[in-house]
Number of protein chains: 6
Amino acid sequence: MRVDGRQADELRHIQIETDYLKHPEGSVLITVGDTKVICTASIEERVPPFLRGEGKGWISAEYSMLPRATGTRNIRESSKGKVSGRTMEIQRLIGRALRAVVDLAAIGERTIWIDCDVIQADGGTRTASITGAFVAMTMAIAKLAEEKELPAFPVTDFLAATSVGIIEEEGVILDLNYIEDSAAMVDMNVVMTGSGEFVELQGTGEESTFTAHQLQEMLAAAEKGMKELTALQKEVLGEISQKIGAAAE
Amino acid sequence: MRVDGRQADELRHIQIETDYLKHPEGSVLITVGDTKVICTASIEERVPPFLRGEGKGWISAEYSMLPRATGTRNIRESSKGKVSGRTMEIQRLIGRALRAVVDLAAIGERTIWIDCDVIQADGGTRTASITGAFVAMTMAIAKLAEEKELPAFPVTDFLAATSVGIIEEEGVILDLNYIEDSAAMVDMNVVMTGSGEFVELQGTGEESTFTAHQLQEMLAAAEKGMKELTALQKEVLGEISQKIGAAAE
Amino acid sequence: MRVDGRQADELRHIQIETDYLKHPEGSVLITVGDTKVICTASIEERVPPFLRGEGKGWISAEYSMLPRATGTRNIRESSKGKVSGRTMEIQRLIGRALRAVVDLAAIGERTIWIDCDVIQADGGTRTASITGAFVAMTMAIAKLAEEKELPAFPVTDFLAATSVGIIEEEGVILDLNYIEDSAAMVDMNVVMTGSGEFVELQGTGEESTFTAHQLQEMLAAAEKGMKELTALQKEVLGEISQKIGAAAE
Amino acid sequence: MRVDGRQADELRHIQIETDYLKHPEGSVLITVGDTKVICTASIEERVPPFLRGEGKGWISAEYSMLPRATGTRNIRESSKGKVSGRTMEIQRLIGRALRAVVDLAAIGERTIWIDCDVIQADGGTRTASITGAFVAMTMAIAKLAEEKELPAFPVTDFLAATSVGIIEEEGVILDLNYIEDSAAMVDMNVVMTGSGEFVELQGTGEESTFTAHQLQEMLAAAEKGMKELTALQKEVLGEISQKIGAAAE
Amino acid sequence: MRVDGRQADELRHIQIETDYLKHPEGSVLITVGDTKVICTASIEERVPPFLRGEGKGWISAEYSMLPRATGTRNIRESSKGKVSGRTMEIQRLIGRALRAVVDLAAIGERTIWIDCDVIQADGGTRTASITGAFVAMTMAIAKLAEEKELPAFPVTDFLAATSVGIIEEEGVILDLNYIEDSAAMVDMNVVMTGSGEFVELQGTGEESTFTAHQLQEMLAAAEKGMKELTALQKEVLGEISQKIGAAAE
Amino acid sequence: MRVDGRQADELRHIQIETDYLKHPEGSVLITVGDTKVICTASIEERVPPFLRGEGKGWISAEYSMLPRATGTRNIRESSKGKVSGRTMEIQRLIGRALRAVVDLAAIGERTIWIDCDVIQADGGTRTASITGAFVAMTMAIAKLAEEKELPAFPVTDFLAATSVGIIEEEGVILDLNYIEDSAAMVDMNVVMTGSGEFVELQGTGEESTFTAHQLQEMLAAAEKGMKELTALQKEVLGEISQKIGAAAE
C-alpha cells in the first residue's frame, strides 16, 4: 500500500478545467492529486529567426513555479536573473514532446507559446504540464483552425505523460507524488502518443541503477496510466477530439 | 455610465478566497472584477543582513504576472534575466505599505515574504495585491502567534488599496479596470488603514496634470471604496479580525 | 527651528549653473543646499521601437549617483550589473514628469535623453534632478527649435519639484535635507507646473501614516516652494522663458 | 552500409589518452571517431553548501565546446553571459551518471569537479564525455586514495555511455556520428555500468515516435557497444581497474 | 603647430581643485584642457578576501564616464549590465599604478577605493585620472595618518601620467587631445614616479608600428611632461608633499 | 642560472603544430615550454555593425582558459556569467596586434575570428596566443586567397610576441615561465613585426618601478627572442611565407 492509499499502478485523481483564463487562446488548470498547473497556449504570428521563410511553424514552451508552490519558498528565477538547469530541461522537454504530435507545416509561420506555471507542487509537475499543455494547445489550434484556413488540422495524435519509478519496499509504482519521488531509487518519465508509441523516455537511477527487467515492468505500468490520461483528454476536448489525427488517416 | 455599467464611485465585484494553496503559511486568491491575484505569505526564521541583531523583523514583497495574464503574451522576467522597473516599483510599494501596519519588533527576527502572482489582469493589479496580501499576511501572522509566544499581536490596523482616476468624459471614477486605466488622464493609487489614515498616495498625470480640486474629489471617492474593502477583509478574516490593533488600544 | 536654521517653509539655497558641460545640447549644475546634480539633455534623431512611425517624440531619463556622493561609498550599479529598484523608480518619475509639459508631437520623431548624475547628495536628489532637468531640456529644445523647423515651441509649461514632510517635533517642513529625511515620519514629493497644477504626488508614510489634514498642510507648503523654484527657472532661462507655453495661449 | 562504412552495430575507433595534462589530478583526451574531448578531474577539499557537515562528498560536472569544435563558429557562452539549456542538460547528466558508481561517503567531504571540453565535435560528445570522464575521475580518485586514508575505494563499478538511434533507411544503428545524428528519427543515449545495469536512458523522437519493439532493438545494440567501451576503460586504467567495485564484493 | 596651438612637447593647461566634494576622505577635480575628472578616495576598514589576515592593505580603482562626457551620448554601463573591456583595462591600470608608490603594509588592513568619474572628455582621461587620483589618495592617506597611528607615511613617491604619440605630419607630440588621439598612428601612455622611474609603459601602434628610435623620442617628451605634472602635484598638496617618500630615506 | 636551466636570453622550446583541428579555416596547437594554446581562425562573411559598407574587414579575438589549465581549478567565465578584466585585456591585445599586420581593405567585408584557448598554462599564454594566432590566421587567409579573388595578399608582415622581465637576483630574462612571472618585479610584453618594428609594448612594474636603462636591456632581449620566433613561423608556414608582405614591396 502506498503512502496515499493507492495501488501500485493507480494514477492520482486528475482533473482538467478548460478555458481557465480569459485572455489566452487556450488555457487549462490541470490537477493531479495535489499538483496544480496552469497551462496556456498563445498564438504568435511569426516564427523564431532560424525558421523564417521555411513555411512552417514552431512550438516553444516555458515552465515556472510560484515561489510557494512548494513546502519551502523558492527564490524566483527573475530575482536570481537566470533560469535554472532544471527549468531549462523541463521546458525543452515540453516543447519537444508537443512538436512530435503537431504537423508544423500545417500551422503555417506561427509560434505556439506554451506556458506551464505550477501553482502547487506535489511531484510530477513536468508530466502534468505536458498532459495539460496538450489540451490547451489543441484548443488554441482549434480556434486558429476556425479563424484561418489551415491545410489540415495540425494535431496528429493525442499526447500525455506520466512518471513511473521504483521504491525499495514497494517495487514499481505509477505516478509518483513528492514523498514517493524523494524516496525512489529510479525515476522515469514517459511521454506517449494516443496510439501507444513513445515520444520521450527518460529513466534515471539517482545514485542507483536498474535492470532490463525492471525497465519492462516500469514501461508496462506507464502504458496503463497513459491510456487513462488519453481517455480523460478525449473527454474534456469533446468534439475537437475527432479532428485529432483525422488528416493522417 | 461606465464601460462595465458601474456607478462612478462603485467598486468592482470583489472576492477573497482564503487558504487557497496548501503549502504557504497564509494564502488567498483575490478577485477584483476580472483581475485575479494569488497572494501568499511565507515566514522565514531570519532577517536580511541590514537588520541582523536588531531584534525586529521585516516584510519583503515580490510581484509577478503570468505571461498570459494579459491580452498579449509578455516575456517572462526570468527569461529576460532582469526585473523591470514597473515590477520593482510595485513590489517596493507592497512591502512598504504592509510594514506601515505591522509592529516589526513584535514579529521578532523573522522575514515575512509576500508573493503576489497575477493570474489574470484587468487593471488594478497592484492595489488588489495589497488588499489580498494584507489578508494572507495576517493569517500567516495569526498562525505564527499561535505557535510562538509573541509580545503582542503584530498587526496594528487593517490595510487596503484601490485606485481612483479622471476620465475626460466621466470625471472622477473609482477602481479603474484596464480599459478605463488606459483612457485615464490621471491615475491615483491610494493605500489606507482601517482607521482612515493614508499610508501611501501616488497620483500621476500621464502626459496631463490635475488641480487641487480634482485631488479632493479623488480622495473622497477613494475613502468610500476603502471602507468597503476593509469591511470585506474583516469578514473573511473572521475571529482573527479582533486581534488587529488590539495591542494598540 | 530646523537643523540648518531654516524656517519650516523655507527652501535651501538654490543655484542653477547653465551650459555646465561643452558637449551636451543642454546641461546644468543644480545646487540645492549641499545636493549637487549635473543634468544634461541630449537629442537623438530617432524614437524607441514602440513609437516608430507615430510622428511624435519621446523623453527618457536616467539617474545615477557617484559612489561617493554619499557619506559611505556605494557600489556602482555597473559593477553590480543591475540597476536598483530605487534608481528605476526615480528615473521613471523624472521622464514621466517632463513628458507632462512637452508637446511630444511638436518635437517630431526624436528622443530627448535626460541624464541626472548626482555629484553630491544631501537629500532631495530626485526633486533637484527634475527641477534642473527641466532647464537643461528646455535649453536643448530651444537649440533644436533654432536649427530645425518645429510646428510650435514644444515646452507647454514650467515644471519643478520639491519635497515636503512631517517630523515629529517640528510638524510640516519644506525641502528636507538628508538628516530631516531620515527622521521624517512622512515624506512627500510634489511635482507641479508653473501654473500650479499637479503632475505627480507621491506621499509615503514610512512605517507611519498621515491624516487628510496633514496632507493639506503639506500641499500648502509645497505650493509656496514651487513658486520660488519656477521664478528661479524663469530667471536662468532668460529669453527662452517667453517661448514656454506660448503656443498654448 | 553506413556513411563511414561501419556495420550497424559497430562503434567508431576509440582512443583514451591518459595523463593528457600536467596540472589536473586526472585527465584524458578521449577520441571517438572525429569527436575529441578533454576530460579532467579536480579534487576540491570541500563540498557545496547543501552537503556541509554530512560527511559525504559530491561530484559536479561542467561541459563546454571550443567555438570552432563545430563546422561553423559558435559564440562562447562566456560572451553571451549565460549557459545554454543544452549545456546545462549535458553537464547535469554527466554529474548524475558518475555519482551512480561512486560511494560518496567514501570520498569524504570533497568535491570532484569534472570538466569536459570538446575540442572537436562529430556527434556523441556527451556520451564520449561520460566515458572519458569516468577514466579521469577514477585516476584522480586512485591518486587521492594513495595520499589520504579512505574507508574503501570509492568507485563501485565501471561506467560508460554511447548512443543508439533509428535512421529511416538503415534502421537501428550504434554510436551515431554527426551526419547520422542529424538524419535520425530517434536518438537515444544510454549510460550503463560495467555489470550491465542502466544508469540513465534518454530516448527522444525528435518530431517522430518509436515503438516498444524498436526500443528493444536499440537497447540490444547499446549493450553490445557498452561491453567494448568497458573493456577499453579496463585496459587504459591498468592496475587501478582491480580496485573498482572491490569493496562491494 | 598643433590643432590647439601648442608646441609639440607642451602640456595642456592643468588645474587640480582639491576638497572638491564634502563626503569623501580625499577628492579633487582635475582639469586637463577640456578633460575634467572627479577623483575621490575612500577608506574602507577591510580588505578583499584574498588579503584577509595578511596585515596589509589594498588599493582598488573604478573608472566611469558620464553619458554625455563625450560628443555623442554613451549608453550607461549600468544599463548595459556590464562593464566594457576598455573600462576594465583603465581601472586595472589606475589601481596597479597607485599601488606602485604606496607601502601597502603601512596602511594596515584597509582598502582605499579610488573613483575616477569623467565629467567631460577630450582625450587623456586615463592619464588625467591617475594624476588626479594620486592627489586625492594622498590627501585621504594624510587624513588617515592623522587619525590612526601608522608605522610610516605610506606614500613612497609622487606618481603622475601623461600620453605621448606620433602623428603623421607632426611627429612626436605630448599630451594628446581627442582630435590628436584619433589621428595618431602610435599612442603611448606613460606612468612615472616623481624620481623619474617607469611604473607603466603602454605603447600601441593602432594599425601601425613604431621603431626603436621613435620610442626614444616619445619617452623623452613624456619625461619632460612628467616633471611639470609632479611640480603641480607638489604645489597643490602643500605640506603633505614633504611626507611623501620621507620614510624611504 | 634560471629555474629550468635556461640562459637569461633563451626562449623555451617552442613547437607549432598546424592544421590541428578539422573544422576551422586555420588552426594550430602552439607549445611554449609547458604552455599549450589552441589557436583557430574562422572566416565570417560579414563585418561588425560599425564597419558595414566601409569595404574593409575586421579581426576580432577571443581568449579563454580551460578550468584546469592551471594548478588550481578556475571557475569558468560562462558559469560566472561574465568575462574578467584580464580576459578582456588579453583578447583586445591579440586582436589589435594582428590588425597591425593585415591590410583590412584587402580581406574585403569579412571578419576573421581568432580563438585562443589555453589548454595548459605555464606563463606567457598571451604572447604564445599571438605567436600561434598569427600562423592560424595566415593559413586561413591563404585559403581564402585561393578561393576568392583578393586584391592583394592581405598579410603585410610577420608578427610574434614574447615576454621579458626583471627578477631580483637574475636581472633581465627572456620568455618568463609561471614561476619566474610570479617572482618578477617588472613584466613586459613585446609584440613585434618580422621587420623589427614595435606593434605593442606593455611594461608593468607590479608594486615596483624600472629605469630607462633597464628598459633598454629588456628591449634588447626581446628583439633576440623575436627573431627566433619569426624564423619558426616562417618554417611552419612554408610556401605561404613568401606571400607575406609581397604586396608591400
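Criteria and cut-off values
Within any chain, residue numbers begin from 1 and follow the written order of that chain's sequence. Both sets of labels track the order of writing: A upward for chains, 1 upward for ligands. Only residues with pLDDT of at least 70 get local features here, since the model is predicted, and only at 80 or more are side-chain atom pairs given and counted; chain-wide, interface and lining totals rely on the full set of residues. Only hydrogens and water are set aside when side-chain values are computed; all heavy atoms of the structure are taken into account. UniProt positions are given in the numbering used here, feature names are shortened, and annotations may be inferred rather than shown by experiment. Comment: elements are numbered from the N terminus, with helices defined as DSSP H or I runs of at least four residues and strands as E runs of at least two. For this analysis, residues touch if any pair of their heavy atoms sits within 4.5 Å. A 1.4 Å probe rolled over the protein chains alone gives each residue an accessible area, and that area as a share of the maximum for its type sets the label: buried under 20%, exposed over 50%, partly exposed in between. Strands are treated as partners if at least two bridges between them are detected by DSSP. Multiply 1.5 Å by the residue count of a helix minus one, and that product is the helix's expected span. To superpose the copies, least squares is applied to the C-alpha atoms of every residue with a pLDDT of at least 70 in both. Aromatic pairs are defined between Phe, Tyr and Trp rings, using the six-membered ring for Trp, whenever the two ring centres lie within 6.5 Å; interplanar angles under 30 degrees are classed as stacked, those over 60 as edge-to-face, and all others as tilted. Here, a charge over a ring is recorded when the distance from Lys NZ or Arg CZ to the ring centre is within 6 Å and its angle to the ring normal is within 35 degrees. The term buried area means the drop in 1.4 Å probe accessible area that two parts suffer when joined, counted for both and summed. Here, a salt bridge means any Lys or Arg side-chain nitrogen found within 4 Å of an Asp or Glu carboxyl oxygen. Pairs of N or O atoms are called polar contacts if they sit within 3.5 Å, as long as, within protein, a hydrogen donor faces a hydrogen acceptor (for residues adjacent in sequence, only side-chain-to-side-chain pairs). The classification used treats Ala, Val, Leu, Ile, Met, Phe, Trp, Tyr, Cys and Pro as nonpolar, Asp, Glu, Lys and Arg as charged, and all other residues, Gly among them, as polar.

Chemist: Looking at this structure, I do not really get the UniProt feature "binding site: phosphate" (unreviewed entry) in chain A. What am I missing?
Modeler: Residues and elements named next belong to chain A. If you check UniProt for "binding site: phosphate" (unreviewed entry), the listed places come out as Arg 86, Gly 124, Thr 125 and Arg 126 in our numbering. The greatest C-alpha distance among the residues just named is 13.4 Å, despite their covering 41 residues of sequence, which places them together in space. Summarising the element assignment, Gly 124 is placed in the loop between strand 5 (111-120) and helix 3 (125-147). Filtering out sequence-adjacent residues up to four positions away, Gly 124 remains in contact with Arg 12, Thr 35 and Leu 176. Following the sequence through the fold, Arg 126 ends up in helix 3. Excluding residues within four positions of it along the chain, Arg 126 makes contact with Arg 86, Glu 89, Ile 90, Leu 93, Asn 189 and Gln 202.

Chemist: What is the right way to read unusual backbone geometry from this model?
Modeler: Both trends apply: most residues other than glycine have a negative phi, and most peptide bonds are in trans. A positive phi angle, close to 60°, is found at Asp 175 of chain D, a residue other than glycine. Looking at the element boundaries, Asp 175 of chain D is found in the loop between strand 7 (171-174) and helix 4 (178-183). Of the residues examined, Asp 175 of chain D reaches a relative accessible area of 4% and is grouped as buried. A positive phi angle is found at Asp 19 of chain E, which is not glycine, with a value near 50°. In this structure, Asp 19 of chain E sits in the loop between strand 1 (14-18) and strand 2 (26-32). What makes Asp 19 of chain E exposed here is its relative accessible area of 53%.

Chemist: I tried to follow the pairing of strand 6 (residues 159-167) of chain D on my own but got confused; where do I start?
Modeler: Consecutive residues of a regular strand have side chains that alternate between opposite faces of the sheet. Residue and element names in this part refer to chain D. Among the nine residues in strand 6, nine count as buried, and that is most of the element. The sheet contact formed by strand 6 and strand 8 (residues 186-193) spans eight bridges and is antiparallel. Among the inter-strand pairings, Val 164 is bridged to a residue of strand 8, identified as Met 188. The pairing of strand 6 with strand 7 spans four bridges and is antiparallel. From the neighbouring strand, Val 164 faces strand 7, where its bridge partner is Leu 174.

Chemist: Even after reading the chapter, I still don't get helix 5 (residues 212-237) of chain B, so can you show me in this structure?
Modeler: Within an α-helix, residues lying three or four positions from one another point in the same direction, as the helix has 3.6 residues per turn. All names here are of chain B. Its 26 residues place the ends of helix 5 37 Å apart at the C-alpha level, agreeing with the 38 Å of an ideal helix rising 1.5 Å per residue. For helix 5, the complete set of buried residues consists of Leu 215, Met 218, Leu 219, Ala 221, Ala 222, Gly 225, Met 226, Leu 229, Thr 230, Leu 232, Gln 233 and Leu 237. Looking one or two residues beyond helix 5, the residue adopting positive phi is Gly 238, at roughly 55°.

Chemist: Mind showing me how you'd approach the relation of the copies chain A and chain D here?
Modeler: Two copies of the chain are present, and they differ by a rotation about an axis and a shift along that axis. Overlaying chain A with chain D gives an RMSD of 0.0 Å, the required rotation being 180° about an axis along which the chain moves by 0.0 Å. Such a combination of turn and shift is consistent with a two-fold rotation axis. Residues of chain A ranked by C-alpha distance from the rotation axis are headed by Gln 202 of chain A, positioned 2.3 Å from it. Mapped onto chain D, 100% of the interface residues of chain A again fall at the interface, so both copies present the same surface.

Chemist: Teacher, can you tell me more about the packing of aromatic side chains here?
Modeler: Overall, the coordinates contain 18 aromatic pairs over all chains when judged by the stated rule. Over the ring of Phe 158 of chain A we find Lys 234 of chain A, and its NZ or CZ is 5.2 Å from the ring centre.

Chemist: Is there a simple way to explain the interface of chain A and chain D in this structure?
Modeler: Often the size quoted for an interface is simply the accessible area lost on bringing the parts together. Listed per partner, the contact involves 34 residues of chain A and 34 residues of chain D. For chain A, the biggest contributors to the area lost against chain D are Glu 89, Phe 198 and Glu 207 of chain A; these three give 21% of the whole. For the pair chain A and chain D, the interface holds two salt bridges. With a closest N to O distance of 2.5 Å, Arg 92 of chain A and Glu 89 of chain D form a salt bridge. For the pair chain A and chain D, the number of links is 13 residue pairs in polar contact (both at pLDDT 80 or more). For the side of chain A that touches chain D, the secondary structure elements donating two or more residues are helix 2 (85-99), strand 8 (186-193), strand 9 (198-205) and helix 5 (212-237) of chain A. For the side of chain A that touches chain D, the leading source of residues is strand 9 of chain A, giving eight residues. Grouping the amino acids of the side of chain A that touches chain D by side-chain chemistry returns 13 nonpolar, eleven polar and ten charged. Examined bridge by bridge, strand 9 of chain A and strand 9 (residues 198-205) of chain D share five bridges and lie antiparallel to one another. Paired with Gly 203 of chain A across the strands is Leu 201 of chain D, a residue of strand 9 of chain D.

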